Amino acid sequence: MSGRVVVFTGPSGVGKGTLLRAVLADHPGIYLSISATTRNPRAGEVEGQHYYFMDAAGFQDLVKRNELLEWAEFAGNCYGTLRQPIQEQVNQGKLVILEIELEGARQVRKTLPEAYQIFVLPPSIEELENRIRARGQDEESAIQKRLAKASIEIGAANEFDLQITNDDLDTAVEQLKEALFGQSQTTETPLANAAP
Ligand code: ADP
Ligand code: 5GP
C-alpha cells in the first residue's frame, strides 16, 4: 500500500506548527517528518522529536551521502528532509507531512510532483511579526531574517496547490483538515520515482 506526501509551507511564525499540532491531535496516524538542522535547539525542543540537531559537518555528510530528499538554507542555518523515514512511512500507507520552507518545497515539486502542496498565509505582515515576537524564542537578528524571508515566501504562495490564511485558528484548522482528508485529496503518491 502506498501513502502520500503533503508539503506544508509558509513564513516562519505564521502558525504552521500550531495548525499541524491541532490536526495531529485528532489524527495521530499522520507522520510529521522530522528534519535535520544545523540550527540550535529552542527552549523546549527535543532531539529526535522536533528536529535532529547537528553541526554543519554532520549536515554536509547527509548531503554527500544523498540521504536528503531536499534541503535548503534558511536564515543562516541548513534544514533538510531525511529520505529514508519518508520512504518507510509512505510504504506503510501513511500520510506524510513535510513542514518545509519555500526552496525545499520547490525541490519536492520536481522530485515528487504528485505531492500536494499547501501554503499558509498570515492575515497581514504586521500580524506575522506580532506572532514571531509573541513566540518569544528568536533573537532580534533571527526575527529580522525571518521577516525579510517572509515577503519573498508570501510572493510565491500562488505556486502552491492551496493557500490557507491562518487568521482565525479554528477556521484554518478546518480548512487544513478538509485539504488533507476531503474527497479531492485522496490520490496516492508512490515514492517509487522520487530518486533525485
Ligand atoms: P510556525 O510553525 O509557522 O513558525 P508557530 O506555530 O510557532 O509558527 O506559531 C507562531 C506563534 O503564533 C505562536 O505563538 C502561536 O501560538 C501563534 N499563532 C498561531 N496561529 C495563530 C492564530 N490563528 N491566531 C493567533 N496566534 C496564532
Ligand atoms: P524554524 O527554525 O522556525 O524551526 O524553521 C525555519 C524554517 O525552516 C521554517 O520555514 C520551516 O518550515 C523550515 N524547515 C524545517 N525543516 C525543514 C526541512 O527539512 N527542509 C526545508 N527546506 N525547510 C525546513
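None of these values were measured; they are calculated from a predicted model. (Residues numbered from 1 in each chain as written. Chains lettered and ligands numbered in written order. Predicted model: local features only at pLDDT ≥ 70, side-chain atom pairs only at ≥ 80, totals over all residues. Heavy atoms only, no water.)

A closer look at the site of ligand 1
Right, so step 1: Among the 13 residues in the neighbourhood of ligand 1, the closest are listed as Gly13, Lys16, Thr18, Arg135 and Asn166.
Right, so step 2: Contact distances for ligand 1 include 2.8 Å between an oxygen atom and a backbone N or O atom of Gly13.
Right, so step 3: The separation between a nitrogen atom of ligand 1 and a polar side-chain atom of Asn166 is 2.9 Å.
Right, so step 4: Coverage of ligand 1 by the protein chains reaches 73% of its 570 Å² of free accessible surface.
Right, so step 5: Element by element, the count of residues in the shell around ligand 1 is highest for helix 1 (residues 16-26), at three residues.
Right, so step 6: Among the residues making up the shell around ligand 1, the classes are represented as three nonpolar, six polar and four charged. (Near = heavy atom within 4 Å. Polar contact = N/O pair within 3.5 Å; in protein donor to acceptor, adjacent residues only side chain to side chain. Areas by Shrake-Rupley, 256 points an atom, 1.4 Å probe, with all protein chains shown as cover. Helix = DSSP H or I, 4+ residues; strand = E, 2+ residues; numbered from the N terminus. Nonpolar A, V, L, I, M, F, W, Y, C, P; charged D, E, K, R; others polar.)

Quick notes on the nonpolar core
Right, so step 1: With 23 residues, the main nonpolar core has Val6, Phe8, Leu19, Ile97, Ile118, Leu176 and Leu180 as its most contacted residues.
Right, so step 2: Counting residues per element, this core draws most heavily on helix 7 (residues 169-181), at five residues.
Right, so step 3: With 20 residues, the next largest nonpolar core counts Val90, Val96, Ile100 and Leu121 among its residues. (Core = buried A, V, L, I, M, F, W, Y, C linked by side-chain atoms within 4.5 Å. Buried < 20%, exposed > 50% of the residue type's maximum accessible area, 1.4 Å probe, protein only.)

Comments concerning the confidence of the model for the protein chain
Right, so step 1: Across the protein chain, the average pLDDT comes to 92, with 92% of residues at 70 or higher.
Right, so step 2: Confidence drops under pLDDT 50 across residues 184-188; counting only partners more than four residues distant or on other chains, this segment forms eight contacts.
Right, so step 3: In the predicted structure, residues 192-196 sits below a pLDDT of 50 and forms ten contacts with residues beyond four places in sequence or in another chain. (pLDDT = per-residue confidence, 0-100. Contact = heavy atoms within 4.5 Å.)

Details of helix 6 (residues 140-155)
Right, so step 1: The end-to-end C-alpha separation of helix 6 is 23 Å, in line with the 22 Å expected for 16 residues at 1.5 Å each.
Right, so step 2: For helix 6, every residue scored as buried is listed here: Ile143, Arg146, Leu147, Ala150 and Glu153.
Right, so step 3: Buried positions along helix 6 lie against strand 5 (68-74), strand 6 (77-82), helix 4 (102-111), strand 8 (116-121) and helix 5 (125-135). (Expected span 1.5 Å × (residues − 1).)

Focus: the pairing of strand 7 (residues 95-99)
Right, so step 1: Judged by how many residues are buried, strand 7 sits mostly within the fold: four of five residues are covered.
Right, so step 2: Of the pairings in the sheet, the one linking strand 1 (residues 4-9) to strand 7 comprises five bridges and is parallel in character. By the bridge assignment, Arg4 is partnered in strand 7 with Leu95.
Right, so step 3: Bridge analysis of strand 2 (residues 31-32) against strand 7 gives two bridges, and the strand direction is parallel. Its bridge partner being in strand 7, Leu32 is matched across the sheet by Ile97. (Pairing = 2+ DSSP bridges.)

Structural notes on the pattern of salt bridges
Right, so step 1: One pass over the full model with this rule turns up eleven salt bridges.
Right, so step 2: With its nearest N and O atoms 3.1 Å apart, the salt bridge here joins Arg106 to Glu103. Of this pair, Arg106 and Glu103 both sit in helix 4, three residues apart, roughly one helical turn.
Right, so step 3: Residue Glu127 is joined to Arg131 by a salt bridge in which the shortest nitrogen-to-oxygen separation is 2.7 Å. Placement of the pair is Glu127 and Arg131 together in helix 5, with a separation of four residues, close to one helical turn. (Salt bridge = Lys/Arg side-chain N within 4 Å of Asp/Glu carboxyl O.)

A few points about the sheet that holds strand 2
Right, so step 1: What the five strands build is an open sheet, ordered 2-7-1-8-9; its pairing is parallel. Across the chains shown, the open sheet's two edge strands, defined by having one partner strand only, are strand 2 and strand 9 (162-165).
Right, so step 2: Sitting on the sheet, helix 3 (residues 83-91) is in contact with strand 1, strand 2 and strand 7, with an inclination near 150° to strand 7. (Axes fitted to C-alpha atoms, helices over the stretch in contact; angles between N-to-C directions.)

Some thoughts on the environment of Gly17
Right, so step 1: Considering the arrangement of structural elements, one finds Gly17 in helix 1.
Right, so step 2: C-alpha separation for the pair Gly17 and Glu99, spaced 82 residues apart in sequence, amounts to 8.2 Å.

With respect to the packing of helix 5 against helix 6
Right, so step 1: As a packed pair, helix 5 and helix 6 sit with axes 11 Å apart at the nearest point and diverge in direction by 145°. As helix 5 runs across helix 6, the sense of the crossing is right-handed. Every residue of helix 6 that contacts helix 5 at Ile125, Leu128, Glu129, Ile132, Arg133 and Arg135 is listed here: Glu140, Ile143, Gln144, Arg146, Leu147, Ala150, Ser151 and Ile154.
Right, so step 2: Partitioned by chemical class, the residues of the contact of helix 5 with helix 6 number seven nonpolar, two polar and five charged. (Left-handed = near helix turned anticlockwise from the far one by under 90°.)

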